[in-house]
Amino acid sequence: MSDLSLVLLAGGNSSRFGMGVRKQWLRIDQTPLWLHVARTFESMGIFEKIVITAHPDDVLYAQNHTAHTVVAAGKERQDSLKNALSHIDTPYVMVSDVARACVTPALIHRIIAAKEQADCIVSFLPIWDTVVYDDATIAREKLKIIQTPQLSKTHILKKALQSETIFTDDSSAIVAFGGTRAFVEGEEGAHKITRAADLLKLPCITPPSNKVLVGNGYDVHAFQEGKPMVLGGIGMPLLPYGFKAHSDGDVAIHALIDAILGAAGMDDIGTLFPDTDAAYADIDSKKLLSHVMTRITQVGFELGNVDITIVAQQPKIAPHKRDMRASLSALLSLPLERVNVKATTTEGLGFTGRKEGVAVIATATLYYTNWTHA
Ligand code: MG
């Protein structure tokens, strides 16, 4: 039993990063940044419990990657921290930020060694440059750049965070609450990253793997008289039937969504968009696909190519293949040549042969986002 737990704050939205990706999901080789950082701490074997905050949309997906506790981040850093602390009951808690990507065991030990000195132990960097404030040169030796990790007495930090004031770090909350703070020298490697390519300047970081991930999807829908036919992202207004479904029934897009989710290791369409949810009644499946594209981009993937096989005795697919490819290419932001649509019959056999419905098989490949130029 250790008296110390860790909170790793990794739930930011990273809008400054561009590329649509949240920085905590950039891959270090094949490992998400947040997990890479968590493993540095974990490898030391000194934490009773590790609690990681994730963007609310990413909690379930993050839980697929780790046995540690993953909780939803809140609106402010402080809200996230409060959520995480509610899972911690050790006397001490260390809090670190995922943007401090290369924290070393040496720094962590240095902070822990000082734990009796105050209610909160803070790592900092001194300033060596001349600093001018409002036209006056100020005493730089009095300045400190505050970093994480910080080590706090858990019960004091919990109380200090009950304040209405928004604090940008734990030590400020504890000092405002009347607690004490002590400093230990931090390290350059614990510098906060603000641009993706800055990561490469850090000693513990390697570029993302160029491995390809593949996923498959399969879906079937029966025909329904009088419903508009949509397939492969296009309408076929001349047909007297469409697909029986909770959504618009675009069986090709459903299979494609499952292929993309499969490659990302992100469960399936039914989990993401339950057909018990009224929000998805008669929904345009193109909207579901766009949502999935946003999600995989946020968690650090780029689409490689997609390939779809439509198994149908009717309607005739061949005259529509080009339009389907064009529609999907736009939805997926993929060049036309990386979107393939094939069609086959089953020679009159089975439910497709009896013209009762259509089956679709889809394949998609994903790459990890190449952040090294961003
Ligand atoms: Mg379906």
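All figures in this text were calculated on a predicted structure; none of them were measured in a lab. (Residues numbered from 1 in each chain as written. Predicted model: local features only at pLDDT ≥ 70, side-chain atom pairs only at ≥ 80, totals over all residues. Heavy atoms only, no water.)

J.: Help me get a handle on the packing of aromatic side chains, residues and values and all.
T.: Applying the stated criterion across every chain yields a total of eight aromatic pairs. On the numbers, 5.8 Å between centres and 70° between planes, the contact of phenylalanine 41 with phenylalanine 47 is edge-to-face. Each of the two residues, phenylalanine 41 as well as phenylalanine 47, counts as buried. Linked through ring pairs, Trp25, Trp34 and Tyr61 together constitute an aromatic cluster. Over the ring of phenylalanine 301 we find arginine 27; its NZ or CZ atom is 4.8 Å from the centre of that ring. The ring of phenylalanine 124 carries lysine 144 above its face, with NZ or CZ at 5.5 Å from the centroid. (Phe/Tyr/Trp six-rings, centres within 6.5 Å; stacked < 30°, edge-to-face > 60°. Buried < 20%, exposed > 50% of the residue type's maximum accessible area, 1.4 Å probe, protein only. Lys NZ or Arg CZ within 6 Å of the ring centre and 35° of its normal.)

J.: Which residues make up the coordination of the magnesium ion, and what values go with them?
T.: Within the first shell, the magnesium ion binds the protein through Asp219 (OD), His221 (NE2) and His254 (ND1), at distances of 2.1 to 2.3 Å. Along the chain, the residues donating to the magnesium ion are arranged with the sequence spacing D-x1-H-x32-H. (Donors = N, O, S within 2.8 Å, 3.2 Å for Na, K, Ca; no water.)

J.: An account of the sheet that holds strand β1 (residues 4–10) is needed here, citing residue identities and associated values.
T.: What holds strands together in a sheet is hydrogen bonding between their backbones, with the strands either parallel or antiparallel. The strand order across the open sheet formed by seven strands is β5-β4-β1-β6-β10-β7-β11, and the pairing between neighbours is mixed. The sheet terminates laterally at β5 (69–72) and β11 (181–185), the two strands that pair on one side only. Strand after strand, the sheet turns through a mean of 25° between neighbouring axes, direction not considered. Where β1 and strand β6 (residues 92–97) come together, six bridges link them in parallel fashion. (Pairing = 2+ DSSP bridges. Helix = DSSP H or I, 4+ residues; strand = E, 2+ residues; numbered from the N terminus. Axes fitted to C-alpha atoms, helices over the stretch in contact; angles between N-to-C directions.)

J.: Which residues make up the state of the cysteines, and what values go with them?
T.: Here, the word disulfide means a covalent bond between the sulfur atoms of two cysteines. Scanning all chains against the criterion turns up one disulfide. With a sulfur-sulfur separation of 1.9 Å, cysteine 102 is cross-linked through a disulfide to cysteine 204. Handedness of the cysteine 102-cysteine 204 disulfide follows from its S-S torsion of about -85°: it is left-handed. Of the two residues, cysteine 102 is situated in the loop between β6 and α4 (105–113) and cysteine 204 in the loop between β11 and β12 (212–225); the sequence distance between them amounts to 102 residues. The buried category is assigned to cysteine 102, whose relative accessible area is 4%. A relative accessible area of 28% means that cysteine 204 is categorised as partly exposed. (Disulfide = S-S within 2.5 Å.)

J.: For the packing of helix α7 (residues 251–264) against helix α10 (residues 321–332), give the residues involved together with the corresponding values.
T.: It is at 13 Å that the axes of α7 and α10 come closest, and there the two elements cross at 40°. By the criterion of interaxial angle, the relationship of α7 to α10 is oblique. As for the relative orientation of α7 and α10, their crossing is right-handed in sense. On α10, the residues that touch Ile253, Leu256 and Ile260 of α7 are Leu328, Leu331 and Leu332. Of the residues in the contact of α7 with α10, the class split is six nonpolar, no polar and no charged. (Parallel < 35°, antiparallel > 145°, perpendicular 65-115°, else oblique. Left-handed = near helix turned anticlockwise from the far one by under 90°. Contact = heavy atoms within 4.5 Å. Nonpolar A, V, L, I, M, F, W, Y, C, P; charged D, E, K, R; others polar.)

J.: Before we move on, could you go through the pattern of salt bridges and cite the residues and values that matter?
T.: Per the stated rule, a full pass over the model turns up eleven salt bridges. In this structure, the salt-bridge partner of aspartate 58 is arginine 295, at a minimum N-O distance of 2.8 Å. Of the two residues, aspartate 58 is situated in the loop between β4 (50–54) and α2 (59–63) and arginine 295 in helix α9 (residues 285–298); the sequence distance between them amounts to 237 residues. Each of the two residues, aspartate 58 as well as arginine 295, counts as buried. With a closest N to O distance of 3.4 Å, aspartate 284 and lysine 286 form a salt bridge. (Salt bridge = Lys/Arg side-chain N within 4 Å of Asp/Glu carboxyl O.)

J.: Provide a residue-level description of the nonpolar core, including the pertinent values.
T.: Residues Met94, Leu199, Leu231, Ile260, Ile310 and Leu332 are the most contacted members of the largest nonpolar core, which totals 94 residues. In terms of residue count, α7 provides more of this core than any other element does, eleven residues in total. Two domains each provide a minimum of three residues to this core, namely domain 1 (4–201) and domain 2 (212–373). Here methionine 94 is in contact with Leu4, Ser5, Leu6, Val7, Phe41, Phe47, Ile108, Ile111, Ile112, Pro149, Gln150 and Leu151, once residues within four sequence places are set aside. (Core = buried A, V, L, I, M, F, W, Y, C linked by side-chain atoms within 4.5 Å. Domains from an automatic or database assignment.)

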